[in-house]
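As a plain string of letters, each chain reads:
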Amino acid sequence: MLSQEKNERLTAVGPGTPMGNLLRRYWWPVATHDMAGRVPVRRRLLGEDLVLFRDASGRLGLLAEQCPHRRASLALGCTERTGLRCGYHGWLFDTEGRCLEQPGEPADSTFASRIRATSYPVAELGGLIFAYLGPSPAPLLPRYDLFVWPDVWRDIAHAELPCNFVQIMENSVDPYHVEWLHGRYGSFLKELAGEPPVQVVTKKHVKVAFEVFEHGILKRRVLEGQTEQDEDWKTGHPLVFPAMLRVGGGGIATFQIRVPVDDTHTWHVWYQTYRFDAPALPQASIPVYRVPLHDEQGEWLRDYVDGQDICAWVTQGAIADRTREHLGRSDLGVIMLRKLYFEQMERVEAGQDPICTFRDPARNDCIELPMEREKFGGSRAFRDMWLHESSIRYSPIRDQVLSQFGDVPRHADAAAS
Ligand code: FES
Ligand SMILES: [Fe+2]
C-alpha cells in the first residue's frame, strides 16, 4: 500500500514531476519508422504534445506542437527542404527549432532570430524513432541487442492503452499472474469457447526470485516439474529499467516497451525478433501493425495472452489506487520495482545519472540482455504458444515466420486432421 502522495510521485510523468524528471533522462520510442513522412504527425510523450516530421531533405524533427507565433498546431504544417512551415501564417522552423522565415514581417526585421520553437533530439534505430526530452547532454541512445542484431527478422506491434505505465511495469515483476491470469482464467475462457487450455502457461510456480542488476530487475522462476538447472531459473529474463520487458524463447525475443504518453495513457510497443535455424533473406522493411483492443461488441479482447494482460492493466484504473491495495509475499517483485523507481528519482534529484543511461560508446555497440532459450521448459512449445496466443497473432508476417521456423500453422493442422 502507498500513500496518495507516494502514488502520485510514482505515477505522474509530466514536466517538473519527480518521475517525469527521472523518465526524461532516457530516450523513448516516439513513433514507428512508417509514421514519419511528408505529413507531420501529432505525438504525445511524457505529457507533452509534439509534432514529428521529416523535412524534404530527409531530416527528422520533433517540435512542441503549438506554434510560437499564435499557438496554432504545427501538425497543420507543410514540410519543406529546410524544415516545417506553419500552416497558419507561414513561419518556417528547422529541425532544431530555429525560426528561418516570417513571411508577414518587414523584410529588414530581426524578429525571427529571437524566436525559437521547442525542439527535441530524435534518432532512428531498429525501425523505431526515439526522442530525448531531458536535459543536455543527452546520454547515448542505447543499442539494445534486439534493435541491432544483424541476422534476424523483425516486426513491430503497437497499441495505445488507457492507463498509467507503472501498473504495466508492475506486471513484469509479477510471475504468479501467469498461472492464474493466463493459466486458470485463460483456460476458463477457452473452455467457454469449446477450446483446449493453453498448457504452457498453466504450470504452478514453485519458487520465484528477483534481483536488481545493471539493466534493471532480473527475475527467475522454478515451475512445477523443473529444477534450478532449468533456464527459467538459471538464466531468467529482465525488466529493463525504466520501462521495458524482455521476454521470449524458442528463437523469438520480444521487447515490450511501455512508453508513457501521459499520466493515464501508455503507448505499448511489442518489438519482436525472429532468429531462424537456417538463414532467411533480409527484410526489405520492418512490418508495423496495430493490436486491436476490443471485439465487435466493444468488449476487451481477452481470448489470448496479451489481451488478458491488457485487461488486467486497464481494469486496475487509469491510475491504480495504491492506497487501497493489499500486497502479499507474492508481490515482492512489485515492491522491489517501486523501491528502484524511488531510489532512481533520488539519484536524479542529487544530480546523478540514473541506471541504464549510457555515455561510453565502447559499451554501446550492442547491449546484450539475458533471456531463456528454453522458456517454460521447452522452446518449441513456447514458440507455438507465443505465435498464436500473443500479439504476434496479428502480425502480417506470422505465417511466413511459422514456415521459416519449420512449424505448421494451426489452421493447416486442423485441415489435415
Ligand atoms: S500561428 Fe504559426 S505562423 Fe502564425
Ligand atoms: Fe502476462
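That block above? That's the structure.
Things to note about the overall build of the chain
(1) Moving on: Counting its secondary structure elements, the chain contains eleven helices and 18 strands.
(2) Moving on: The globule rule puts the C-alpha radius of gyration for 417 residues at 22 Å, and the 23 Å found for the chain is close to it.
(3) Moving on: Dimensions of the chain along its principal axes, counting C-alpha atoms only, are 80 × 50 × 50 Å.
(4) Moving on: In the chain, which comprises 417 residues, the share counted as buried stands at 55%.
(5) Moving on: For the chain, the share of sequence-separated contacts (at least 6 apart) that also reach a separation of at least 24 residues comes to 64%.

Side note on the sheet that holds strand E10 (residues 128-132)
(1) Moving on: Taken in spatial order, the three strands make up an open sheet running E1-E10-E9, and their pairing is antiparallel. For this open sheet the edge positions go to strand E1 (27-32) and strand E9 (122-125), each flanked by a neighbour on one side alone. For this sheet, the mean inter-axis angle between neighbouring strands, taken without regard to orientation, is 35°.
(2) Moving on: When E1 meets E10, the two strands line up antiparallel, connected through five bridges. Paired with Trp27 across the two strands is Tyr132, which belongs to E10.

Things to note about unusual backbone geometry
(1) Moving on: A cis geometry characterises the amide bond from Ser136 onward to Pro137, with omega recorded as -5°.
(2) Moving on: With respect to the helices and strands, Pro137 occurs in the loop between E10 and helix H3 (145-148).
(3) Moving on: A positive phi angle, near 50°, is found at Leu46, a position not held by glycine.
(4) Moving on: Relative to the elements of secondary structure, Leu46 occurs in the loop between strand E2 (41-45) and strand E3 (48-54).
(5) Moving on: Judged by its relative accessible area of 0%, Leu46 falls in the buried class.
(6) Moving on: Positive phi is not limited to glycine here, since Arg71 has a value of about 75°.
(7) Moving on: Within the secondary structure, Arg71 is located in the loop between strand E4 (60-64) and strand E5 (77-80).

Remarks on the coordination of the iron ion (ligand 2)
(1) Moving on: Listed as protein donors to the iron ion (ligand 2) are His177 (NE2), His182 (NE2), Asp309 (OD) and Asp309 (OD); their distances from the metal cover 2.1 to 2.5 Å.
(2) Moving on: Angles of 56 to 146° at the metal separate the four donor atoms of the iron ion (ligand 2), which places the site in the irregular class.

Some remarks on the nonpolar core
(1) Moving on: Within the largest apolar cluster, 67 residues are counted, with the highest numbers of intra-cluster contacts made by Met19, Tyr144, Phe147 and Tyr341.
(2) Moving on: Broken down by element, this core gets its largest block of residues, six residues, from helix H8 (residues 332-349).
(3) Moving on: Viewed by domain, this core spans two of them, domain 1 (28-132) and domain 2 (145-416), each represented by three or more residues.
(4) Moving on: Apart from residues no more than four positions distant in its own chain, Met19 is found in contact with Arg9, Leu10, Ala12, Val13, Phe165, Val166, Tyr341 and Met345.

Focus: helix H7 (residues 305-315)
(1) Moving on: Among the eleven residues in H7, nine count as buried, and that is most of the element.
(2) Moving on: Turning to H7, its buried residues number three or more, namely Val305, Asp306, Gly307, Gln308, Asp309, Ile310, Cys311, Trp313 and Val314.
(3) Moving on: Residues of H7 that are buried in the fold lie against strand E11 (153-161), helix H4 (165-171), helix H5 (176-192), strand E16 (252-262), strand E17 (265-274) and helix H9 (379-389).
(4) Moving on: Positioned one or two residues after H7, Gly317 has a phi angle of 110°, which is positive.

Observations regarding the packing of aromatic side chains
(1) Moving on: Taken as a whole and judged by the stated rule, the model has 16 aromatic pairs.
(2) Moving on: Geometrically, the ring pair formed by Trp27 and Tyr132 is tilted, given 5.7 Å between the ring centres and 40° between the ring planes. Placement of the pair is Trp27 in strand E1 and Tyr132 in strand E10, with a sequence separation of 105 residues. Across this residue pair, the class does not change: Trp27 and Tyr132 are buried.
(3) Moving on: For the pair Trp91 and Phe111, a centre-to-centre distance of 5.7 Å together with 90° between the ring planes defines the contact as edge-to-face. Of this pair, Trp91 sits in the loop between strand E6 (83-86) and strand E7 (92-93) while Phe111 sits in the loop between strand E8 (99-101) and E9, and the two are 20 residues apart along the sequence.
(4) Moving on: The class of Phe111 is partly exposed, set by a relative accessible area of 30%.
(5) Moving on: Among the aromatic residues, those joined into a ring-pair cluster are Phe130, Tyr144, Phe147, Phe255, Tyr271 and Phe358.
(6) Moving on: Note that Lys6 overlies the ring of Phe342, its terminal NZ or CZ placed 5.3 Å from the centroid.
(7) Moving on: For the cation-ring pair, Lys207 lies above Trp233, with the distance from its terminal atom to the ring centre recorded as 4.6 Å.

The rules we used
- Along each chain, residue indices are assigned from 1 in the same order as the chain's sequence is written.
- All chains are assigned letters beginning at A, and all ligands numbers beginning at 1, according to the order in which they are written.
- Reporting in this predicted model follows two pLDDT cut-offs: at least 70 for local features of residues, and 80 or more for side-chain atom pairs to be given and counted; totals over whole chains, interfaces and linings ignore these cut-offs and use all residues.
- Think of the side-chain values as coming from all heavy atoms in the structure, minus any hydrogens and water.
- Numbering of helices and strands starts at the N terminus; helices are DSSP runs of H or I of at least 4 residues and strands are runs of E of at least 2.
- In this treatment the radius of gyration is a C-alpha quantity, and the globule benchmark scales as 2.2 Å times the residue count to the 0.38 power.
- Exposure classes here rest on a 1.4 Å probe applied to the protein chains alone. A residue is buried below 20% of its type maximum, exposed above 50%, and partly exposed in between.
- It only takes one pair of heavy atoms within 4.5 Å for two residues to be counted as in contact.
- Pairing between strands is defined by DSSP: at least two bridges between them are needed.
- What counts as an axis is a line fitted to C-alpha atoms, over the stretch in contact for a helix, and the angles between N-to-C directions run from 0 to 180 degrees.
- Note: metal donors comprise N, O and S atoms at 2.8 Å or less from the metal (3.2 Å for Na, K and Ca); water molecules are not included, so apparent gaps in a site are possible.
- Irregular is the default label, applied whenever a site is not tetrahedral (four donors, all angles between 85 and 135 degrees) and neither square planar nor octahedral (four or six donors, opposite donors over 155 degrees apart, all other angles between 65 and 115).
- Here, the term nonpolar core denotes a set of buried Ala, Val, Leu, Ile, Met, Phe, Trp, Tyr and Cys residues that are joined through side-chain atoms within 4.5 Å.
- How far each domain reaches was decided by an automatic or database domain assignment.
- The criterion for an aromatic pair is that two Phe, Tyr or Trp rings (for Trp, the six-membered ring) have centres within 6.5 Å, with stacked assigned to planes under 30 degrees apart, edge-to-face to planes over 60 apart and tilted to the rest.
- We call a charge positioned over a ring when the NZ of a Lys or the CZ of an Arg lies within 6 Å of the ring centre and within 35 degrees of the ring normal.

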